[in-house]
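So you can see what is in the structure, the chains are spelled out below.
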Number of protein chains: 2
Amino acid sequence: MEDYKDQETVLLAVDCIIFGFDKKNLKILLIKRDFEPEKGHWSLMGGFLKRNETLDDAAIRVLNHLTGLENVYMEQLRAYSALDRDPVERTVSVSYYALIDIPEHSALNGRFSAKWFNINEAPDLIFDHNVMVANAMSRLRYRASTKPIGFELLPEKFTMKQLQTLYETILGEKLDKRNFINKINALDILLKTEEKDMKSSRKGSYFYMFDQVKYNTKVSDGFTFKL
Amino acid sequence: MEDYKDQETVLLAVDCIIFGFDKKNLKILLIKRDFEPEKGHWSLMGGFLKRNETLDDAAIRVLNHLTGLENVYMEQLRAYSALDRDPVERTVSVSYYALIDIPEHSALNGRFSAKWFNINEAPDLIFDHNVMVANAMSRLRYRASTKPIGFELLPEKFTMKQLQTLYETILGEKLDKRNFINKINALDILLKTEEKDMKSSRKGSYFYMFDQVKYNTKVSDGFTFKL
DNA sequence: CCAAAAGTGTTATGGATACACCCATGA
DNA sequence: TCATGGGTGTATCCATAACACTTTTGG
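Counting of residues starts from 1 at the beginning of each chain's written sequence and follows it residue by residue. The lettering of chains begins at A and the numbering of ligands begins at 1, in the order of writing. Local features are withheld for residues below a pLDDT of 70 in this predicted model, meaning they are given only at 70 or higher, and side-chain atom pairs are given and counted only at 80 or more; totals for whole chains, interfaces and linings count all residues. Just so you know, side-chain values use all the structure's heavy atoms and leave hydrogens and water out.

Here a residue is near a molecule or strand as soon as one of its heavy atoms is found within 4 Å of it. Around DNA strand D, 16 residues are found, and the nearest of them are Asn-179 and Lys-203 of chain A together with Lys-177, Lys-203 and Tyr-206 of chain B. By atom count, sugar and phosphate contribute 32% of the portion of DNA strand D lying within 4 Å of the protein. In this structure, a base nitrogen belonging to DNA strand D sits 3.3 Å away from a side-chain N or O atom of Arg-178 of chain A. Tyr-206 of chain B places a polar main-chain atom, nitrogen or oxygen, 3.1 Å from a phosphate oxygen of DNA strand D. Of all the secondary structure elements, the ones that give two or more residues to the surface near DNA strand D are helix H4 (177-187) of chain A together with helix H4 (177-187) and strand S10 (205-210) of chain B. The greatest single-element share of the surface near DNA strand D, amounting to 5 residues, is contributed by H4 of chain B. The residue inventory of the surface near DNA strand D, partitioned by class, reads 2 nonpolar, 7 polar and 7 charged. Polar contacts, as used here, are pairs of N or O atoms within 3.5 Å; protein pairs need one atom able to donate a hydrogen and one able to accept it. Residues neighboring in sequence count only if both atoms are side-chain atoms. Think of it this way: any DSSP run of H or I at least four residues long counts as a helix, any run of E at least two long counts as a strand, and we number them from the N terminus. Throughout this entry, Asp, Glu, Lys and Arg are counted as charged residues, while Ala, Val, Leu, Ile, Met, Phe, Trp, Tyr, Cys and Pro are counted as nonpolar. The remaining residues, Gly among them, count as polar.

Structure (structure tokens):
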């Protein structure tokens, strides 16, 4: 460790991998850059860190700026620091991923040309953003099996089918309907409502809600989510 | 994303959580600061990022500076950016952890008052270094069950007992001897040597080596380490 | 009455865990 | 010969995986 003064500095940025779910597909929110470098190409939404904010603050600000959303699930992933990752300036970037439910809040800031892409149909991205997305996916898969983050991607009320489809998309594999429902019910962290979703079938399917209070109680009693 | 010019800058540092194993205990290498702030207190070894190096480079440089070691297992953990985490200057720090085998290479750079502490007997550290260590431990536990990192902490030749003790220390729980050996043997990634360690008992116990080549082959054939 | 999705339990399998005795050797 | 740590196999249990038919209701 050396003296603080006269240390070399670099720019520090955050980039957000914004995942969304529209009851069918896992998607990612990208913006079309209207400035150089790489103008016209797709990229993650990002921004520079300000002196009076933490990286978490910066990520929250960037996400809010684009989507208007607050209180979104976000998690820091890691720092990227290749010397030439940004051709303009030496910039180190810390990536964050966010999970949001698409249909309920889709008032995107018109200042940016933002668009939702199915996760497997996303275009090539600038700089090292493709790697960031790949790493985010792998973290998302891991998290999905250790914390009930799936519910962040769903509306307040959702059907078992939607929940299963979400997990299938995240994990990238088909799941058995009965085993999935048995497992979820065994966790005992859902509330079954009286309401039914009549849009999906003639019979209709019950809506469930995530019981955050019960979950928190169970966790503090030593329960650990495992799917 | 805004213009690059006139962005606010912060100092960017790396801090290394250096884990070691001396065939009995999991230890951590700390230095006693001989400069302000917090002179005389224990801390992680760290350093500022230079403009012409990546964060990985910086972590490797810092580790090498203290221990003289090269080709050490290191992994980036995460960035810490609380506004007041460093009282002198606004500094964002990226933590790395390293795994080294203690006895074989213990020529520490005398310029630093460095000392190995048992992981559970380490002193209070400056700034947010306690949190960094706690997070590193939890990552170490996770990694130990998904990748064969344990071998980084052992000498080239080691006994089953040493390997088991290492895993017990990392995981923080006693393991059954027969089950552990069965599991390790089932993985089929060790080479049993003809040599015996005669220091530990009258009967002596066989030395094993990690078969890196076999492991790599198995991994590229779809094998995943799981303990 | 038919099509389409919802809802519901049991069996089989395999991995994880618990467990105790003999062996080799130096002193 | 004895004390010390090394080395070895099997039975049980539990969690996971496989699997098919009935229900509801709008058209």
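On we go.
We now examine the relation of the copies chain A and chain B. For the pair chain A and chain B, the best superposition has an RMSD of 0.0 Å and corresponds to a rotation of 180° with a translation of 0.0 Å parallel to the axis. This pairing of chains is accounted for by a two-fold axis. Within chain A, the C-alpha atom positioned nearest to the axis of rotation is that of Arg-78 of chain A, 2.8 Å from it. The contact definition used throughout considers only heavy atoms, calling two residues in contact when any of these lie within 4.5 Å. Looking at the interface residues of chain A, 100% of them are also at the interface in chain B, so both copies use one shared face. Residues below a pLDDT of 70 in either copy are left out; the C-alpha atoms of the rest, at least 70 in both, set the least-squares superposition of the copies.

The rolling of a water-molecule-sized probe over the atoms marks out the regions of remaining empty space. In this structure, the largest pocket occupies an estimated 1,500 Å³ of space. Only protein atoms enter the 1 Å grid used here. Points where a 1.4 Å probe fits but cannot escape make up a cavity, open sets with protein on both sides within 12 Å along at least five of seven lines make up a pocket, and a residue lines them when an atom lies within 4 Å of a point. Lining the largest pocket are 38 residues, with Glu-75, Arg-139, Tyr-142 and Arg-143 of chain A together with Tyr-142 of chain B positioned closest to its centre. Volume-wise, the second largest pocket comes out at about 650 Å³. In this structure, the second largest pocket is lined by 31 residues; those nearest its centre are Tyr-73, Phe-151, Glu-152, Phe-210 and Gln-212 of chain B. Put simply, the parts of the chain that give the lining of the second largest pocket at least two residues each are strand S5 (73-80), strand S6 (91-101), S10 and helix H5 (212-220) of chain B. Grid points are joined across faces, edges and corners, and a volume is the space filled by probe spheres set on the points.

What follows concerns unusual backbone geometry. The phi angle of most residues is negative, glycine excepted, and most peptide bonds adopt the trans form. Residue Pro-37 of chain A is bonded to the preceding Glu-36 of chain A through a cis peptide linkage, with omega at -5°. Within the element layout of this structure, Pro-37 of chain A appears in the loop between strand S2 (26-32) and strand S3 (42-43). A positive phi angle is found at Asp-6 of chain B, which is not glycine, with a value near 65°. Within the fold, Asp-6 of chain B resides in the segment before strand S1 (11-21).

None of the figures reported here should be taken as evidence of function without further support.
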